[in-house]
Amino acid sequence: MPRDRRLSVNRRTVLRGLLSAGAFGVTSHLWTSCARSPQSESGVAPNSVDSPLVIGFIYVGPGDDYGYNQSHAKAVAAMLAQFPDIKIVEEANIPETTAVQESMRNMIEIDGAQIIFPTSWGYFDPHSLQLAQEFPEVQFFHPNHPLDDSHPANVGAYYSSLVEPAFLSGIVAGLMSTTGKLGYVVPKPIPVVLQELNSFVLGARSANPDIVVQTVTTGDWALPIKEAEATNSLIDQGADVISTRVDSPKIVITAAADRGVYSCGYHVDQRDVAPNAYLTGVEWNWEAIYVQYAEMTKAGKTLMNGGIPKALQGGLKEGFSRISDYGSAVSAAAREAAETAKVQLASGELAIFQGELKDNRGNLIIPAGEVWQVGDPRLNTIDWMVEGVIAS
Amino acid sequence: MATEALGWWGVPLGILAGTLRGSAPFLFVSLGECLTEKSGKINLGLEGTLLMGAMSAYAISYLSQDIVGSFWAPWLGVLMAGLSGMGLGAIHGWLAQQRRVNDVAVGIAMIIFGSGLAFFLGKPFIQPQAPQLFTFHFGSWSTIPAVQAALRISPLFLIGVAIAPAMQWFFRSTRWGLYVRAVGDSPDAALAMGISIFKVRFFSIMAGSFLAGIGGACLSLYYPGVWTERISSGQGLMAVALVIFARWRPVQCLWASLLFGGAQAIGPAFQSVGINSYYYLFNAAPYILTLLIMVITCSPKRTLIGAPGALGKMD
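What you see is a predicted model; the values in this text were computed from it and never measured.

Structural notes on the overall build of chain A
Link 1 in the chain: A count of helices and strands for chain A gives 10 helices and 17 strands.
Link 2 in the chain: For chain A, the proportion of contacts with a sequence separation of at least 24, taken over those separated by at least 6, is 69%.
Link 3 in the chain: Of the accessible surface of chain A, which amounts to about 14500 Å², a share of 52% is contributed by carbon and sulfur atoms.

If you want it as structure tokens, here you go:
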């Protein structure tokens, strides 16, 4: 019966398409996770006396994304230049799923890593926490993740606070806007992102109290098309300075420059992308932190023996973060305002999160007279957007 | 205030603009896959072809800008994207037709190979700026900048729109189109006619991959106009699903591509007017659409009209 045969073939084709799409999901882990991993030395027992110090770094995206992951990878290379005897194991493009547990396990069991830096937020819970319990002698250091007493002793954190540079870039953006509306592309609405978004808004509104900021959330750290769409939609609604905190802001900066609109960068200096439309940016300086960890570890200090503090903290003042060089479009007045605020922030004269502070729903968050200094643990619980952000 | 001028109109305008900007890659990949599948083979490797095309277009545009100028450099990039696609297509076309080789399995291997090669060769091109393709400014009649921006249309998109009916005509009215259909529907009959199945499939796959490579050039030289390793975000695979949705008809591939291109803009467009809830749902719109299509077309009570008879059969 030819007709029946045709029917079954067609259904099979469709099923096959479904199956292969599923298979792609599986294989996509296969080919992304094998990037940038130096040769492994199996057989070297971890923690043996004469084996070199092995440190593992895990990145959520490519190590040269011209953004967040590159800021880490460059700092690791700089640390390695100072301590050539340390062995570095790097893995890039590891998703925030159980895949990262496999990466960590391989680093510990095969490469003999004694320290692991899982550099993305989503690696922490439950992945790092599980592995930390399983390998109590291995130390895990997380960037910008709040800790509490329930977390294992071998889990530490380091905070490179970007709220100060974000505040400064907000001042520049606020003074350069003519429509009074700024745009912000949010990757994920989590405390780390929201505190910097809020700081950006506070900076902009300190320079021009009428500024409003419109946000668009894309939902992940790197979604090129969605980021470009978000930028265009924000510009359609009248925003004339666009900032973002996605992993590779190059797309947002290009899309904004394409529409003749200013933008602010993030993570690393991106002035070259659009020299005339780029205002300034927020930059990490992980190098200062990684060198400190290397020094402490060389001196025999660990989290477990109390030599290494549970949390290493710093911002603009400590050199853990910085503001990028200003683009050519930035006016002298905006430059001066930002530089003045920079000095005031460093001296403690100016605080970013100070009362009276309301969120965009009108709830009082910080009462008058109270100040949340940089490093205040309450900053890491922020789940609100400050007054001036348009969002429902 | 200019801010309030657009307001809610920004949503349909944003979706329209997103459709015009974002559908070109879907269009090229789905047309390429349509041609491939019409000849009776599946090429899942178009995801890798797309990435390879995006990378080579960007790289060639960047490297050749000093030699041929910044107007022709991107066009050279487009051509190179097509040729690199053809190269990958040639591998697939040859491998997938060997005895007892499954074309789906080869396709998955080609995804890994194509994207791996693109990532490897593309490392030096993530940071530099390559010259972009020019765009037609069809919106210059309007005084609203948003409308002007929405109607900036890439020549590649127009080429893609023109290819769709041309391919339909090719299948229906030309001798070569008949060959492709014959090989895809009934290889035995084609063989009896004296047509070389191997050659027809080989060239169909190569031509299809050429188009998919150009789809990659749309990504890196038009919109969003950069080269990163995340640039394709699965569009190549979605385009394969799209061909089934379009029932292997090129003109329907066009409508389906417009639908998918527009779906990507829904989330951001709604959020920009302040609707922030359910953004995950909006962002998932294209995938929900794909699933629905799969469910509908998979109905056991209906046959898939238009599926090439030899598709998915081992030979």
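From this point, the discussion proceeds with the structure in view.
Here we look at the nonpolar core
Link 1 in the chain: If you look at the biggest cluster of nonpolar residues, it comprises 93 residues, and the most contacted ones within it are Leu31(B), Leu44(B), Met55(B), Val78(B), Leu156(B), Trp227(B) and Ile231(B).
Link 2 in the chain: The biggest single contributor to this core is helix H3 (residues 46–95) of chain B, with 12 residues.
Link 3 in the chain: Counting 76 residues, the second largest nonpolar core, distinct from the first, contains Ile115(A), Trp221(A), Trp284(A) and Ile308(A).

Quick notes on the domain arrangement of chain A
All names here are of chain A.
Link 1 in the chain: Domain boundaries assigned for chain A yield domain 1 (3–160 + 286–314) and domain 2 (163–283 + 322–390).
Link 2 in the chain: Contact residues are listed per partner, giving 14 residues for domain 1 and 17 residues for domain 2.
Link 3 in the chain: Of the roughly 1300 Å² buried where domain 1 meets domain 2, counting both sides, 61% is carbon and sulfur surface.
Link 4 in the chain: Among the residues of domain 1 in contact with domain 2, Tyr66, Tyr68 and Trp121 are the three that bury the most area, contributing 46% of the side total.
Link 5 in the chain: For the pair domain 1 and domain 2, the interface holds one salt bridge.
Link 6 in the chain: Between Glu96 and Lys188 there is a salt bridge, with its nearest N and O atoms 3.1 Å apart.
Link 7 in the chain: Applying the counting rule to domain 1 against domain 2 returns five residue pairs in polar contact (both at pLDDT 80 or more).

Concerning unusual backbone geometry
Link 1 in the chain: Residue Pro126(A) is bonded to the preceding Asp125(A) through a cis peptide linkage, with omega at 5 degrees.
Link 2 in the chain: Within the element layout of this structure, Pro126(A) appears in helix H4 (residues 124–134).
Link 3 in the chain: Cis geometry is adopted by the peptide bond preceding Glu356(A), which originates at Gly355(A) and carries an omega value of 0 degrees.
Link 4 in the chain: Mapped onto the elements, Glu356(A) comes out in the loop between strand S13 (353–354) and strand S14 (357–358).
Link 5 in the chain: A positive phi angle, close to 60 degrees, is found at Tyr66(A), a residue other than glycine.
Link 6 in the chain: Residues other than glycine seldom take positive phi values, yet Ser233(B) does so here, at roughly 35 degrees.
Link 7 in the chain: Along the chain, the position of Ser233(B) falls in the loop between helix H9 (197–221) and helix H10 (235–245).

Calculation criteria
Residues numbered from 1 in each chain as written. Chains lettered and ligands numbered in written order. Predicted model: local features only at pLDDT ≥ 70, side-chain atom pairs only at ≥ 80, totals over all residues. Heavy atoms only, no water. Helix = DSSP H or I, 4+ residues; strand = E, 2+ residues; numbered from the N terminus. Contact = heavy atoms within 4.5 Å. Areas by Shrake-Rupley, 256 points an atom, 1.4 Å probe, with all protein chains shown as cover. Core = buried A, V, L, I, M, F, W, Y, C linked by side-chain atoms within 4.5 Å. Buried < 20%, exposed > 50% of the residue type's maximum accessible area, 1.4 Å probe, protein only. Domains from an automatic or database assignment. Buried area = accessible area lost by both parts, 1.4 Å probe. Salt bridge = Lys/Arg side-chain N within 4 Å of Asp/Glu carboxyl O. Polar contact = N/O pair within 3.5 Å; in protein donor to acceptor, adjacent residues only side chain to side chain.

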